[in-house]
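# Architecture at a glance
One letter stands for each residue in the lines below.
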Amino acid sequence: MTLLSTKNMSVRLGGHTALRNVDFSIASGEIVTIVGPNGSGKSTLLKALIGAVKPTQGSLERRPGLRIGYVPQKLHIDPTLPISVRRFLSLPKKNSDAEINAALARVGASDLLSKQMFALSGGQFQRTLLARALLEKPDIFVLDEPTTGLDQPGSAALYNLIEELRHETGAAVLMVSHELHVVMSASDRVICLNGHVCCHGTPDVVASAPEYRALFGTGTQGALALYRHEHNHSHDGETHAEHSHV
């Protein structure tokens, strides 16, 4: 079942075309990763999909009643405005203590309940954001570079947690990341973005695409093989040429 889709979607921000002619879709249970250089429109695409910015051209459709758990790339908490983790997880809607405790426990952050948001480490902050997304009981997690600021062990732990949550909840995962070899190996499909969709398909297809190599070089294909992630379903016949959209 398709959760989110766009057709010929373009977005202009401040007089600049951030995205043009993007065809995109994601179905229930999929992990789809968006990669691309800085300024390629990755965050803009996510913001359009969740409704934070409006397309200036084309169409955008969400499944009726779709629940989205969103983790932004950056969220600044002003230290002069104290807010505890418990309070943060009750915004913008009230969640019960039991729900909050369960979400924090699931992301391995039970000890953070009474801490101030501005005092959290990078890893603690990201786990709190993930707990907030989990409280939405999402059909899809939308994650904008969720491991920003984390070291390699912290990143690996967070990716493992995201994978576990996907299996437990059945939710789809749409993720932007700069950690190409790790993320691509765990994805069903990869979209390479540079203001438009450069290439798309399974990780192997994208890693060997000339457009991808032009942006990222050839070294990532070798790294990709080291992180092969086997899924229990088939992608037979899924190639760049056979995708009518992504």
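Higher on the page you've got the structure.
My aim in this report is to walk through the structure given alongside it, one point at a time. Source: prediction; values computed, not measured.

### Some words on the pattern of salt bridges
Under the defined criterion, the tally for this structure stands at nine salt bridges. One salt bridge in this structure joins Arg86 and Asp97, with 3.8 Å as the shortest N-O distance. Separated by 11 residues along the polypeptide, Arg86 in helix α2 (residues 85–88) and Asp97 in helix α3 (residues 97–106) bring together distant segments of the chain. Residues participating in the shared-partner salt-bridge network are Arg63, Arg67 and Asp139.

### A look at the packing of α3 against helix α4 (residues 122–135)
Their axes nearest at 9 Å, the elements α3 and α4 cross at an angle of 125°. The angle between the axes of α3 and α4 places the two elements in the oblique class. At the point where α3 passes α4, the crossing takes the right-handed sense. Of the residues in α4, those in contact with Glu99, Ile100, Ala103, Leu104 and Arg106 of α3 are Ala131, Leu134 and Leu135. Class assignment of the residues belonging to the contact of α3 with α4 gives a composition of six nonpolar, no polar and two charged.

### Describing the nonpolar core
By size, the foremost hydrophobic cluster in this structure holds 34 residues, and its most contacted members are Leu89, Leu104, Met117, Leu130, Phe141, Leu143 and Ile162. The leading source of residues in this core is α4, at seven residues. When residues of this core are assigned to domains, at least three fall in each of domain 1 (2–67 + 138–217) and domain 2 (78–136). Not counting residues up to four positions away in its chain, the partners in contact with Phe141 are Gly69, Leu130, Ala133, Leu134, Leu165, Thr169, Ala171, Ala172, Val173 and Leu174. In this structure, Met9, Leu19, Ile34 and Leu193 belong to the second largest nonpolar core, which totals 24 residues.

### Quick word on the sheet that holds strand β2 (residues 16–27)
Taking strand neighbours across the sheet as the criterion, the three strands line up as β2-β1-β4 in an open arrangement whose pairing is antiparallel. With partners counted over all chains shown, the strands left at the sheet margins are β2 and β4 (57–62), one partner each. Between one strand axis and the next, the sheet turns through 15° on average, direction left out of account. Sheet topology places strand β1 (residues 2–13) next to β4; five bridges connect them, and they run antiparallel. Across the sheet, residue Thr6 finds its bridge partner in β4, namely Leu60. Across the sheet, helix α1 (residues 42–50) touches β1, β2 and β4, and the angle it forms with β1 is around 120°.

### Concerning the pairing of strand β6 (residues 140–144)
The side chains of a regular strand alternate between the sheet's two faces. Of all five residues making up β6, five are buried, and the element is well covered by its neighbours. The alternating pattern of β6 places Ile140, Val142 and Asp144 on one face and Phe141 and Leu143 on the opposite face, and all of these are buried. As judged from the four bridges shared by strand β5 (residues 68–71) and β6, these two strands associate in the parallel manner. Residue Gly69 lies in a different strand from β6, and its bridge partner there is Phe141. Relative to strand β7 (residues 172–176), β6 is paired through five bridges, and the arrangement is parallel. The residue bridging Val142 from the neighbouring strand is Leu174, located in β7. Between the parallel elements β6 and β7, the chain passes through helix α5 (residues 152–169) in a crossover that is right-handed.

The rules behind the values
- Residues numbered from 1 in each chain as written.
- Predicted model: local features only at pLDDT ≥ 70, side-chain atom pairs only at ≥ 80, totals over all residues.
- Heavy atoms only, no water.
- Salt bridge = Lys/Arg side-chain N within 4 Å of Asp/Glu carboxyl O.
- Helix = DSSP H or I, 4+ residues; strand = E, 2+ residues; numbered from the N terminus.
- Axes fitted to C-alpha atoms, helices over the stretch in contact; angles between N-to-C directions.
- Parallel < 35°, antiparallel > 145°, perpendicular 65-115°, else oblique.
- Left-handed = near helix turned anticlockwise from the far one by under 90°.
- Contact = heavy atoms within 4.5 Å.
- Nonpolar A, V, L, I, M, F, W, Y, C, P; charged D, E, K, R; others polar.
- Core = buried A, V, L, I, M, F, W, Y, C linked by side-chain atoms within 4.5 Å.
- Buried < 20%, exposed > 50% of the residue type's maximum accessible area, 1.4 Å probe, protein only.
- Domains from an automatic or database assignment.
- Pairing = 2+ DSSP bridges.
- Right-handed = clockwise from strand over helix to strand, strands pointing away.

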